[in-house]
Amino acid sequence: MPIEVGTQAPDFVLKDQNNQPVRLSDFRGTSNVLLVFYPLAFTGVCQGELCQIRDEALTYQNDTVQVLTISVHSPYAHKAWADREGYTFPLLSDFWPHGEAARAYGVFNDEKGFANRGTFVIDRAGTIRYAEMNLPGDPRDQTTWKKALTDLL
C-alpha cells in the first residue's frame, strides 16, 4: 500500500538521466512535486504515460510544479530513453540500493523486482496531498493528477 495522504514525503537523493543527484527536499518551499514511479523504461504503458506528461508539459512542469519520475533502471538507460523520447523532466534511478525509494513510498513490487505505478502529489511543505498505486499492467488516469495539482493552487 502506498504511504498515506497527509504524511511527510520520505526524502531521497537519486541520480537523474544526466547522472546528476536530485534531492526531493530541495523542492520544499519552492515547488509542488508530481512524483511518478513507473515499472520499466522502454515499455508500452510506461512510455505512453511519460509521453503524455511530455506532451502536456505546461500542465505538469511549470513555475509551481516539478515532475520527478522514478524507476529501477540505471541513469544510462534513462539517458537513452530520455534522448529517444524527448523527455526533459528528470528520470531518476532507484537502481541501488535496489528499489529503496519505491519501498519508502510503499510501491515496490517484491515479486517483480520493480515499482508498481505509484503516483504522489507533494506540496511545497513536503506533505503528500495525493497518492495512488496501480499494478504494472494497469495504466493510470492522469485526470486525477491534474485535479490534485489544481487543488494546490
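In short, a report on the structure. (Residues numbered from 1 in each chain as written. Predicted model: local features only at pLDDT ≥ 70, side-chain atom pairs only at ≥ 80, totals over all residues. Heavy atoms only, no water.)

Observations concerning the overall build of the chain
Argument step 1. Secondary structure assignment for the chain yields five helices and nine strands.
Argument step 2. What you see in the chain, going N to C, is helices and strands ordered as β-β-β-α-α-β-α-β-α-β-β-β-β-α.
Argument step 3. Structurally, the chain occupies a C-alpha span of about 35 × 30 × 30 Å along its principal axes.
Argument step 4. At a minimum sequence separation of 6, the contacts of the chain that also span at least 24 residues come to 64%.
Argument step 5. Charged side chains in the chain number 14 positive and 19 negative. The centres of these two groups are separated by 2 Å. (Helix = DSSP H or I, 4+ residues; strand = E, 2+ residues; numbered from the N terminus. Contact = heavy atoms within 4.5 Å. Lys, Arg positive; Asp, Glu negative; His and termini not counted. Charge placed at Lys NZ, Arg CZ, Asp CG, Glu CD.)

Things to note about the nonpolar core
The tendency in soluble globular proteins is for nonpolar side chains to be buried side by side.
Argument step 1. Residues Phe-12, Leu-35, Phe-37, Leu-68, Tyr-105, Phe-120 and Ile-122 are the most contacted members of the largest nonpolar core, which totals 24 residues.
Argument step 2. Within the residue set of this core, elements represented by two or more residues are strand E3 (32–37), strand E4 (65–71), helix H4 (100–104), strand E7 (114–115) and strand E8 (117–122).
Argument step 3. Ranked by residue count, the leading element in this core is E3, at three residues.
Argument step 4. Counting 21 residues, the second largest nonpolar core, distinct from the first, contains Ala-41, Cys-46, Val-65 and Ala-82. (Core = buried A, V, L, I, M, F, W, Y, C linked by side-chain atoms within 4.5 Å. Buried < 20%, exposed > 50% of the residue type's maximum accessible area, 1.4 Å probe, protein only.)

Some remarks on the pattern of salt bridges
Argument step 1. Within the structure shown, the criterion is met by eleven salt bridges.
Argument step 2. Here Asp-11 makes a salt bridge to Arg-23, at a shortest N to O gap of 3.9 Å. Within this pair, whereas Asp-11 is found in the segment before strand E1 (13–15), its partner Arg-23 is found in strand E2 (residues 21–23), the two being separated by twelve residues in sequence.
Argument step 3. Under the relative-accessibility criterion, Asp-11 is labelled partly exposed at 37%.
Argument step 4. Accessibility expressed as a relative area gives 38% for Arg-23, which makes it partly exposed.
Argument step 5. Where salt bridges share partners, they join Arg-54, Asp-55, Arg-84 and Glu-85 into one cluster. (Salt bridge = Lys/Arg side-chain N within 4 Å of Asp/Glu carboxyl O.)

Some remarks on the environment of Asp-26
Argument step 1. Assignment of secondary structure puts Asp-26 in the loop between E2 and E3.
Argument step 2. On a C-alpha basis, the gap between Asp-26 and Gly-126 in space is 10.0 Å, while along the polypeptide they are 100 residues apart.

Some words on unusual backbone geometry
Argument step 1. Cis geometry marks the peptide bond from Trp-96 to Pro-97; its omega dihedral reads -10 degrees.
Argument step 2. Even without being a glycine, Asn-19 presents a positive backbone phi close to 65 degrees.
Argument step 3. Along the polypeptide, Asn-19 turns up in the loop between E1 and E2.
Argument step 4. Positive phi is not limited to glycine here, since Phe-42 has a value of about 65 degrees.
Argument step 5. By the element assignment, Phe-42 lies in the loop between E3 and helix H1 (44–55).

What to know about H1
Because each turn of an α-helix spans 3.6 residues, side chains separated by three or four positions end up pointing in the same direction.
Argument step 1. Taking 1.5 Å of rise per residue, twelve residues should cover 16 Å, and H1 covers 16 Å from first to last C-alpha, within 8% of that figure.
Argument step 2. Restricting attention to buried positions, one finds in H1 the residues Cys-46, Glu-49, Leu-50, Cys-51 and Ile-53. (Expected span 1.5 Å × (residues − 1).)

Some details on the packing of aromatic side chains
Argument step 1. A complete count under the given rule lists eight aromatic pairs for this structure.
Argument step 2. Their ring planes at 85 degrees and their centres at 6.1 Å tell us that Phe-37 and Phe-120 sit as a pair that is edge-to-face. With Phe-37 in strand E3 and Phe-120 in strand E8, this residue pair connects regions lying 83 residues apart in the sequence.
Argument step 3. Accessibility expressed as a relative area gives 0% for Phe-120, which makes it buried.
Argument step 4. Ring centres of Tyr-38 and Trp-81 lie 5.5 Å apart, and the angle between their planes is 50 degrees; this geometry places the pair in the tilted category. Placement of the pair is Tyr-38 in the loop between E3 and H1 and Trp-81 in helix H3 (residues 75–85), with a sequence separation of 43 residues.
Argument step 5. The class for Trp-81 is buried, based on a relative accessible area of 0%.
Argument step 6. Sitting over the ring of Phe-108, Arg-103 keeps its end group 4.0 Å from the ring centre. (Phe/Tyr/Trp six-rings, centres within 6.5 Å; stacked < 30°, edge-to-face > 60°. Lys NZ or Arg CZ within 6 Å of the ring centre and 35° of its normal.)

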